[in-house]
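# Per-entry structural report
Listed below, chain by chain, are the residues.
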Amino acid sequence: MIDYPPAVRRLITVLKELPTIGPRSAERLAVHILQADPALSRAMGEALGDVRENIYSCSKCGFFSEEADNCEICRDPRRSTSSICVVEDATDIIAVEKSQAFHGQYHVLGGTLSPLDEIGPDDLNIESLVQRVTSAEPAVEEIIIALDTDVRGETTSIYLAQQFKESEVKITRPAQGISVGGSLEYADGATLSHAFSDRKTIL
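First things first, this report covers the structure right here in the doc. Model, not experiment: these values are computed from the prediction. (Residues numbered from 1 in each chain as written. Predicted model: local features only at pLDDT ≥ 70, side-chain atom pairs only at ≥ 80, totals over all residues. Heavy atoms only, no water.)

## Re helix α1 (residues 6-15)
Residues V8, I12 and L15 constitute the buried set of α1. Buried residues of α1 fall within an arc of 65° about the axis and therefore sit on the same side. In α1, the exposed residues that point more than 90 degrees away from the buried face are R10 and V14. Residues of α1 that are buried make contact with α2 (23-35). (Buried < 20%, exposed > 50% of the residue type's maximum accessible area, 1.4 Å probe, protein only. Helix = DSSP H or I, 4+ residues; strand = E, 2+ residues; numbered from the N terminus. Arc of directions from axis to C-beta. Contact = heavy atoms within 4.5 Å.)

## Things to note about helix α5 (residues 90-99)
Buried within α5 are the following residues: A90, D92, I93, A95, V96 and S99. Phi for Q100, located one or two positions after α5, is positive at around 55°.

## Describing the environment of A95
In this fold, A95 is placed in helix α5. Residue A95 is classed as buried on the basis of its relative accessible area, which comes to 10%. Separated by 97 residues in sequence, A95 and L192 place their C-alpha atoms 8.2 Å apart.

## Quick look at the sheet that holds strand β7 (residues 200-201)
The mixed open sheet is built from five strands, whose spatial order is β4-β3-β5-β6-β7. Strands at the two margins of the open sheet, each flanked by one partner only, are β4 (105-108) and β7. Two strands pair when backbone bridges link them, and strand β5 (residues 142-145) and strand β6 (residues 170-173) are joined in this way by three bridges, in the parallel orientation. Residue pairing in the sheet places E142 in a bridge with K170 of β6. (Pairing = 2+ DSSP bridges.)

## What to know about the packing of aromatic side chains
All told, the structure shown has two aromatic pairs when counted by the stated rule. Taking the centre distance of 5.2 Å and the plane angle of 70° together, the rings of F102 and Y106 count as edge-to-face. In this structure, F102 and Y106 share a single accessibility class: buried. (Phe/Tyr/Trp six-rings, centres within 6.5 Å; stacked < 30°, edge-to-face > 60°.)

## Examining the environment of P23
Looking at the element boundaries, P23 is found in helix α2. On a C-alpha basis, the gap between P23 and T13 in space is 8.2 Å, while along the polypeptide they are ten residues apart.

## A look at unusual backbone geometry
For residues besides glycine, phi is generally negative; the peptide bonds are generally trans as well. The step from E137 to P138 runs through a cis peptide bond, and the omega angle for that step is 0°. Structurally, P138 can be placed in the loop between α6 (127-134) and β5. In the Ramachandran plot, Q100 falls in the positive-phi region, its phi being about 55° despite a non-glycine side chain. Judged by its relative accessible area of 63%, Q100 is exposed.

## Quick word on a nonpolar patch on the surface
A surface patch of nonpolar side chains, amounting to about 250 Å² of accessible area, comprises V51, I55 and F64. With respect to the helices, strands and loops of the structure, F64 is situated in strand β2 (residues 64-65). (Patch = residues over 30% accessible without salt bridge, like charges linked within 9 Å, V, L, I, M, F, W, Y side chains within 5 Å. Areas by Shrake-Rupley, 256 points an atom, 1.4 Å probe, with all protein chains shown as cover. Salt bridge = Lys/Arg side-chain N within 4 Å of Asp/Glu carboxyl O.)

## Digging into the nonpolar core
Counting residues in each nonpolar core, the largest one holds 20 residues, and the members touching the most others are V133, I143, L160 and I171. Broken down by secondary-structure element, the contributors of at least two residues to this core are β3 (83-87), α6, β5 and α7 (151-163). With three residues, the single largest contributor to this core is α6. Beyond its immediate stretch of four places on either side in the chain, I143 contacts I84, V86, V133, F164, V169, K170, I171 and T172. Membership of the second largest hydrophobic core comes to 19 residues, among which are C58, I73, I93 and Y106. (Core = buried A, V, L, I, M, F, W, Y, C linked by side-chain atoms within 4.5 Å.)

Spelled out as structure tokens, the structure:
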């Protein structure tokens, strides 16, 4: 049976590792790259190399950064330090920022609790959040838990709220506007803006 040359098959295999890219999509992308102007391949290679070499994870919040230490958000003196918005992934920060509904700090958990997948509190950036809040000067007044509204997100939200139950920090989450089971990443700006402005206290 005739198949693609080995180099093309390797490219297809690599592309299949990307999220939402199945075998057929990977094949179409590989063929497109193969048949496109060679400048596209060179540009893709340079862009990938640039991202891997020059983009870091912010040591404070976990967002993307071109600095080895803190990201642009954490360095911005105009951002409020009285509130921290907790999100699952760094991409969720982009969604919230586009809504222009929040002007404080962020904290990326790096996932959500999932006992079935053996993901517990120690696998997430929960301890660093607790330390960040307890050592903050001036004090953090509010933590907004902006996680997806599926079972894992709800479980994680309740766990996080319990970690600060004895403190004076207000624990809230975005309110109506995000459907049950919905993903924060795909909510539109208007929906997020409304959800943030009408957020509710947890526990």
